[in-house]
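The lines below spell out each chain.
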Amino acid sequence: MKQLTKAEEEVMRWLWQLEEANVATIIEKMPEPKPAYNTISTIVRILENKEFVGHRKQGKGYIYFPIIKKEEYSNQSINKLMNNYFNGSFRNMVSFFVKKNDMDIKDLEQILKELNKEK
């Protein structure tokens, strides 16, 4: 799967949230200062070329929708992070984030309880 730029990820986050939208709706949801219509339109076309987004015609315009699920992209991004920076070790990655964020044992125990509930 291809990597996304920061701007592409932002547009994808809005599309994942909205499920489908035209360019104007995406821009409407974005915080101030609003990007130019042409900027978002270009990013959406790039996302189509990368096969992250599809479209259907509606009136004179298009409605865009995600093809790639958010979870799928998130998993791929986490795996890339783990492989590139933590020698493919989930344990090393978690240990790094625990140390850098000053988590205590209670926080870790709570995370483990939540994970066990989902099994």
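Being a predicted model, the structure only gives us computed values, none of them experimental.

## Side note on the packing of aromatic side chains
Within the structure shown, the criterion is met by six aromatic pairs. Measuring from ring centre to ring centre gives 5.3 Å for Phe-86 and Phe-96, while their planes differ by 55°; the resulting arrangement is tilted. Note that Phe-86 is positioned in the loop between α4 (70–85) and α5 (90–100) and Phe-96 in helix α5, a separation of 10 residues in sequence. The partly exposed category is assigned to Phe-96, whose relative accessible area is 35%. Here the aromatic rings of Phe-86 and Phe-97 are separated by 6.2 Å at their centres, their planes lie at 50°, and the arrangement is tilted.

## Some words on the pattern of salt bridges
Applying the stated rule across the entire model yields three salt bridges. Residue Lys-50 pairs with Glu-8 through a salt bridge whose shortest N-O separation is 2.7 Å. Highlighted residues: Lys-50 in the loop between α3 (37–49) and β1 (53–58) and Glu-8 in helix α1 (residues 6–18), separated in sequence by 42 residues. On the basis of relative accessibility, which here comes to 5%, the residue Glu-8 falls in the buried class. Among the ionic pairs, Glu-9 bridges to Arg-13, the shortest N-O distance being 3.9 Å. Here Glu-9 and its partner Arg-13 are both found in helix α1, four residues apart, which amounts to about one turn of the helix.

## Quick notes on unusual backbone geometry
Keep in mind that most residues, glycine aside, have a negative phi and that most peptide bonds are trans. Backbone torsion omega between Glu-32 and Pro-33 reads -10°, so that peptide bond is classified as cis. Within the element layout of this structure, Pro-33 appears in the loop between α2 (23–29) and α3. Even without being glycine, Glu-19 reaches a positive phi, approximately 75°. Tracing the backbone shows Glu-19 in the loop between α1 and α2.

## Here we look at α3
In this model α3 runs 19 Å from its N-terminal to its C-terminal C-alpha over 13 residues, within 8% of the 18 Å that 1.5 Å per residue would give. When α3 is considered as a whole, its buried residues turn out to be Ile-40, Ser-41, Ile-43, Val-44 and Leu-47. One side of α3 carries all its buried residues, which in axial view fall inside an arc of 160°. Exposed and facing more than 90 degrees away from the buried side of α3 are Asn-38 and Asn-49. Elements that come into contact with the buried residues of α3 comprise α1, α2, β1 and β2 (61–66). Looking at the residues trailing α3, positive phi occurs at Glu-51, about 65°.

Reading the values: the criteria
Residues numbered from 1 in each chain as written. Predicted model: local features only at pLDDT ≥ 70, side-chain atom pairs only at ≥ 80, totals over all residues. Heavy atoms only, no water. Phe/Tyr/Trp six-rings, centres within 6.5 Å; stacked < 30°, edge-to-face > 60°. Helix = DSSP H or I, 4+ residues; strand = E, 2+ residues; numbered from the N terminus. Buried < 20%, exposed > 50% of the residue type's maximum accessible area, 1.4 Å probe, protein only. Salt bridge = Lys/Arg side-chain N within 4 Å of Asp/Glu carboxyl O. Expected span 1.5 Å × (residues − 1). Arc of directions from axis to C-beta. Contact = heavy atoms within 4.5 Å.

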